[in-house]
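This is what each chain is made of:
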Amino acid sequence: MSAGTFDLRIVRSDPIGTFRVRPTSPTEPRRFKDCDGDTWTEYEPGRVKLTARADGSTMYLGVTDNLADVVDEHGPLTEVRSDDLDPARLERTLRAYVAELDYGRHKAIQCDKDDGVDRYPDEVENFLRFWEAAA
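Every value quoted in this text rests on a predicted model; they were computed, and no experiment measured them.

Averaged over all residues, the pLDDT of the chain is 80; the fraction at 70 or higher stands at 79%. Counting interchain partners and residues more than four positions distant, the pLDDT-below-50 stretch residues 1-24 has 31 contacts.

In structure tokens, the structure reads:
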């Protein structure tokens, strides 16, 4: 079952050879922080550009490099992830997850037995309330 599009990218392989699989985003490039706190932005697969310095200076801003070379020169990179949730994507994900987890529960939410109304939008609102409360 597919819950979305996935892209396999190797940021740095670990000793046992596992890979990280992450959802692709057509609208937002991946961003990474190096050990100094500088921000690198991926502008094409495997290529990054220095877009922000932790100390606020502009020295070397805009310099481009291979992702692997940046890891070698600046240490491990940490991917910067947004905490923003797209409600439409969340609803699609929730539908797929619940259907895989318990198909009967999925059908009950998708088409309420009393009135036939799709209750997934309500479930998404509930989830977003819990998400905000957990911050």
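The subject of this paragraph is the pattern of salt bridges. If you walk through the whole model with that rule in mind, you get 8 salt bridges. The closest approach of N and O atoms between R53 and D38, which form a salt bridge, is 3.4 Å. Here R53 is found in the loop between β5 (47-52) and β6 (64-66), whereas its partner D38 is found in the loop between β3 (31-33) and β4 (39-44), with 15 residues between them in sequence. R95 is the partner of D118 in a salt bridge, and the nearest nitrogen-oxygen pair spans 2.3 Å. With a gap of 23 residues between them, D118 in the loop between α3 (103-110) and α4 (120-134) and R95 in helix α2 (residues 87-101) connect regions that are remote in the sequence. The exposure class assigned to D118 is partly exposed, which follows from its relative accessible area of 30%. A relative accessible area of 18% means that R95 is categorised as buried.

Attention now goes to a nonpolar patch on the surface. Nonpolar side chains collect at one region of the surface, where M59, Y60 and V63 lie side by side and expose about 330 Å² of accessible area between them. Turning to its location among the elements, V63 is positioned in the loop between β5 and β6.

Most often, soluble globular proteins have nonpolar side chains that are buried together. Grouped together as the largest cluster of nonpolar side chains are 8 residues: F32, W40, V48, L50, L67, V70, V71 and L77. Secondary-structure elements contributing two or more residues to this core are β5 and α1 (67-74). Among the elements that make up this core, the one with the highest residue count is α1 (3 residues). Excluding residues that lie within four positions of it along the chain, W40 makes contacts with R30, R31, F32, D34, V48, K49, L50, T51, V63, V70 and H74. Counting 6 residues, the second-largest nonpolar core is a separate cluster that includes L94, V98, Y120 and V124.

Turning next to the packing of aromatic side chains. Evaluated as defined, the whole model comprises 0 aromatic pairs. A cation over an aromatic ring shows up here: K49 above the ring of Y43, its NZ or CZ 5.7 Å from the ring centre.

Take the sheet that holds strand β7 (residues 78-80) next. Here 5 strands make up an open sheet; going across it, the order is β6-β5-β4-β3-β7 and the pairing antiparallel. Looking at the sheet topology across the chains shown, the edges are occupied by β6 and β7. Shown here is a sheet whose adjacent strand axes are inclined to one another by a mean of 40°, direction ignored. Bridging between β5 and β6 involves 3 bridges; their strand directions are antiparallel. Within β6, the position partnered with R47 by the bridge is N66. Together, β3, β4, β5 and β6 form the strand contacts of α1, whose direction differs from that of β6 by roughly 95°.

Basis of the calculations
- Residues numbered from 1 in each chain as written.
- Predicted model: local features only at pLDDT ≥ 70, side-chain atom pairs only at ≥ 80, totals over all residues.
- Heavy atoms only, no water.
- pLDDT = per-residue confidence, 0-100.
- Contact = heavy atoms within 4.5 Å.
- Salt bridge = Lys/Arg side-chain N within 4 Å of Asp/Glu carboxyl O.
- Helix = DSSP H or I, 4+ residues; strand = E, 2+ residues; numbered from the N terminus.
- Buried < 20%, exposed > 50% of the residue type's maximum accessible area, 1.4 Å probe, protein only.
- Patch = residues over 30% accessible without salt bridge, like charges linked within 9 Å, V, L, I, M, F, W, Y side chains within 5 Å.
- Areas by Shrake-Rupley, 256 points an atom, 1.4 Å probe, with all protein chains shown as cover.
- Core = buried A, V, L, I, M, F, W, Y, C linked by side-chain atoms within 4.5 Å.
- Phe/Tyr/Trp six-rings, centres within 6.5 Å; stacked < 30°, edge-to-face > 60°.
- Lys NZ or Arg CZ within 6 Å of the ring centre and 35° of its normal.
- Pairing = 2+ DSSP bridges.
- Axes fitted to C-alpha atoms, helices over the stretch in contact; angles between N-to-C directions.

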